[in-house]
Amino acid sequence: MRKVSAGGSFILCFIINVFLTFWWSAPAWILLALHFIFGISVWWFIGAVAVWFIRILIGMILIGWASRCSVPDAPKENKNPYSATNSKVFGQ
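Predicted model only: the values in this text are computed from it and were never measured. (Residues numbered from 1 in each chain as written. Predicted model: local features only at pLDDT ≥ 70, side-chain atom pairs only at ≥ 80, totals over all residues. Heavy atoms only, no water.)

1. Here we look at the packing of helix α2 (residues 26–38) against helix α3 (residues 43–68)
- Two numbers describe how α2 lies on α3: the axes approach to 8 Å, and their chain directions differ by 170°. Here α2 is positioned roughly antiparallel relative to α3, judged by the angle of their axes. Of the residues in α3, those in contact with Ala28, Trp29, Leu31 and Leu32 of α2 are Trp44, Phe45, Ala48 and Val49. (Axes fitted to C-alpha atoms, helices over the stretch in contact; angles between N-to-C directions. Helix = DSSP H or I, 4+ residues; strand = E, 2+ residues; numbered from the N terminus. Parallel < 35°, antiparallel > 145°, perpendicular 65-115°, else oblique. Contact = heavy atoms within 4.5 Å.)

2. Some thoughts on α2
- Here α2 is 13 residues long and its end C-alpha atoms lie 18 Å apart, about the 18 Å a rise of 1.5 Å per residue gives.
- The first or second residue beyond α2 is glycine 39, which carries a positive phi of 80°. (Expected span 1.5 Å × (residues − 1).)

3. Things to note about the packing of helix α1 (residues 10–20) against α3
- As a packed pair, α1 and α3 sit with axes 10 Å apart at the nearest point and diverge in direction by 125°. When the axes of α1 and α3 are compared, the pair comes out oblique. For the crossing formed where α1 meets α3, the hand is right-handed. Residues Phe10, Cys13, Phe14, Asn17 and Val18 of α1 lie in contact with α3, whose contacting residues are Trp52, Phe53, Ile56, Leu57 and Met60.
- In the contact of α1 with α3, the residues fall into nine nonpolar, one polar and no charged. (Left-handed = near helix turned anticlockwise from the far one by under 90°. Nonpolar A, V, L, I, M, F, W, Y, C, P; charged D, E, K, R; others polar.)

4. A short note on the packing of aromatic side chains
- A full pass over the atoms with the stated rule returns four aromatic pairs.
- Ring centres of phenylalanine 14 and phenylalanine 53 lie 5.7 Å apart, and the angle between their planes is 45°; this geometry places the pair in the tilted category. With phenylalanine 14 in helix α1 and phenylalanine 53 in helix α3, this residue pair connects regions lying 39 residues apart in the sequence.
- Note on phenylalanine 53: relative accessible area 31%, which makes it partly exposed. (Phe/Tyr/Trp six-rings, centres within 6.5 Å; stacked < 30°, edge-to-face > 60°. Buried < 20%, exposed > 50% of the residue type's maximum accessible area, 1.4 Å probe, protein only.)

Written as structure tokens, this is what we have:
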């Protein structure tokens, strides 16, 4: 299986994650509406958006770290007697 390189795609993946998890920002938008309706501080909205972004970043960092933890299998001896690479089959 082809291994995908992680070089230069962090920002693109972050933007895609923001669009895919847009509904997770609903509490922030509710807080913004409460700012205009009841006059609560706009910092609650900014804090909720910051928590949303930080959650996406932490998730991306953890998934990226987990993908780099894989160790390739060590090469194994071919014990198949019918294998084409076996020199006994071709009489060599």
